[in-house]
Amino acid sequence: MNDEENIPDQGKTPPDAVPEAPAEVTATARPRRRVLRTVGLIAVAAVIGLVGGTAVGYGVQAQREPTALPPLNQPDLAHPKPLPKGQKAKPLPASEDLRAKAQGDLRKLLLPKPAGAKKAEYADADGWMDVSRFASAFNRPSQALDHQLDLGIRRVAVTSWATGEHREVEIRLVQYRASDVHGAAEFVEDQQGYMPDEDFAESEGRELKGSSNGRYYVFPVKRKAGYLDLYEARAYFYRGDVAVEIFVVDTKKVSQNDIRSLAERQLGRL
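Given the structure is predicted, the values throughout are model-derived calculations rather than measurements.

Asks: Which parts of the structure should I look at to understand the overall build of the protein?
Replies: Helix and strand counts for the protein come out as six helices and seven strands. Within the protein, residue pairs in contact and separated by at least 24 positions form 55% of the contacts whose partners lie at least 6 positions apart. Put simply, the protein shows about 19600 Å² of open surface, and 54% of that area lies on carbon and sulfur atoms.

Asks: Help me out: how do you make sense of the packing of helix α4 (residues 141-151) against helix α5 (residues 183-193) in this one?
Replies: The description of two helices packed together rests on the angle between their axes and the distance between the axes. Interhelical geometry of α4 versus α5 gives an angle of 145° and a closest axis separation of 9 Å. Only Gly183, Glu186, Phe187 and Asp190 of α5 make contact with α4, whose side of the interface consists of His147, Gln148 and Leu151.

Asks: When you look at the pairing of strand β7 (residues 242-250) in this model, what are you seeing that I'm missing?
Replies: Each regular strand carries side chains that alternate between the two faces of the sheet. For β7, the tally of buried residues reaches eight of nine residues, placing the bulk of the element in the interior. Pairing between strand β3 (residues 167-176) and β7: eight bridges, direction antiparallel. Within β7, the residue paired with Val169 across the bridge is Val248. For strand β6 (residues 231-239) and β7, the ladder comprises nine bridges, and the chain directions are antiparallel. Looking across to β7, one finds that Glu232 is bridged to Val249.

Asks: How should the confidence of the model for the protein be read in this particular structure?
Replies: Low-confidence regions, as indicated by low pLDDT, have predicted coordinates that should not be scrutinised in detail. Here the protein shows a mean pLDDT of 79. Residues at 70 or above account for 66%. Across residues 1-39, confidence stays below pLDDT 50; counting only partners more than four residues off in sequence or on other chains, it has two contacts. Note on residues 41-48: pLDDT is under 50 here. Beyond four places in sequence and across chains, it has zero contacts.

Asks: What is the right way to look at the nonpolar core in this model?
Replies: Buried together is how nonpolar side chains tend to be arranged in soluble globular proteins. Formed by 25 residues in total, the largest nonpolar core has its most connected members in Ile171, Leu173, Phe237, Val244 and Ile246. The set of elements that each furnish at least two residues to this core consists of β2 (153-163), β3, β6, β7 and α6 (256-268). Sequence-distant contacts of Ile246, defined by excluding residues within four places in its chain, comprise Glu170, Ile171, Ala233, Arg234, Ala235, Phe237, Ile259, Leu262, Ala263 and Gln266. If you look at the next biggest cluster of nonpolar residues, it comprises 21 residues, including Phe134, Val156, Tyr217 and Tyr236.

Asks: How should the pattern of salt bridges be read in this particular structure?
Replies: Applying the stated criterion across every chain yields a total of eight salt bridges. A salt bridge links Arg167 to Asp250; the shortest N-O distance between them is 2.8 Å. Linking Arg167 in strand β3 with Asp250 in strand β7, this pair joins segments that are 83 residues apart in sequence. Residue classification places Arg167 among the buried positions, given a relative accessible area of 17%. Accessibility expressed as a relative area gives 9% for Asp250, which makes it buried. Between Asp229 and Arg223 there is a salt bridge whose closest N-O contact spans 3.2 Å. The partly exposed category is assigned to Asp229, whose relative accessible area is 25%. Note on Arg223: relative accessible area 60%, which makes it exposed.

Thresholds applied
- Residues numbered from 1 in each chain as written.
- Predicted model: local features only at pLDDT ≥ 70, side-chain atom pairs only at ≥ 80, totals over all residues.
- Heavy atoms only, no water.
- Helix = DSSP H or I, 4+ residues; strand = E, 2+ residues; numbered from the N terminus.
- Contact = heavy atoms within 4.5 Å.
- Areas by Shrake-Rupley, 256 points an atom, 1.4 Å probe, with all protein chains shown as cover.
- Axes fitted to C-alpha atoms, helices over the stretch in contact; angles between N-to-C directions.
- Buried < 20%, exposed > 50% of the residue type's maximum accessible area, 1.4 Å probe, protein only.
- Pairing = 2+ DSSP bridges.
- pLDDT = per-residue confidence, 0-100.
- Core = buried A, V, L, I, M, F, W, Y, C linked by side-chain atoms within 4.5 Å.
- Salt bridge = Lys/Arg side-chain N within 4 Å of Asp/Glu carboxyl O.

Encoded structure:
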């Protein structure tokens, strides 16, 4: 017999010979499978319970009588009585109808000059300001004119006066045409937008009583060697299609009350 036949094959394992798993491996593998299986069953049960509970809830709600809503808390709400057949509502008097007032002579809505006031140095003779002259007061007149035309500017009524030694007041009513652009609102919002800048009022100003959009501003004093001190205040607001701007300049202090009073009285005429 060949001696090589008696040497056991230590490097090969017959294909049908499966080694038995150690006892400790078998013991730990079985409980893990049980845990995973248990978790899966709980998750399925939870989903079934959620769906079932939702369905039962909808079923119970569907079988209930609808709950009446509480009454509106407006027992004293007044409604106008209907007019008799064939009658129509009377139009507002011109004194109460802003549209009617603004369609007439716009200059009549301007605040009258106070007693004892003098004519301002650069006052407009007839109370009307040409649109191109109005635009020329801006830093870029040509662009300002184009913008005003886009807003639908119609006409500008102006009044001005001088009081004291150096105080001058100017009030402008800028009217815009009716269109899909609210020209008066946009113009006022544009002017109010740059008031907080350093070269102007440096503040948000104060709200004008009686107006949902009006504000008035008192500027910081401007001092320059060789010149008198310059004080300034402004107000901007609009009502309907009419925008209002008020300017006060003086070599003496302009108080909050000065510009507020002017703005409130001008607002009361619109």
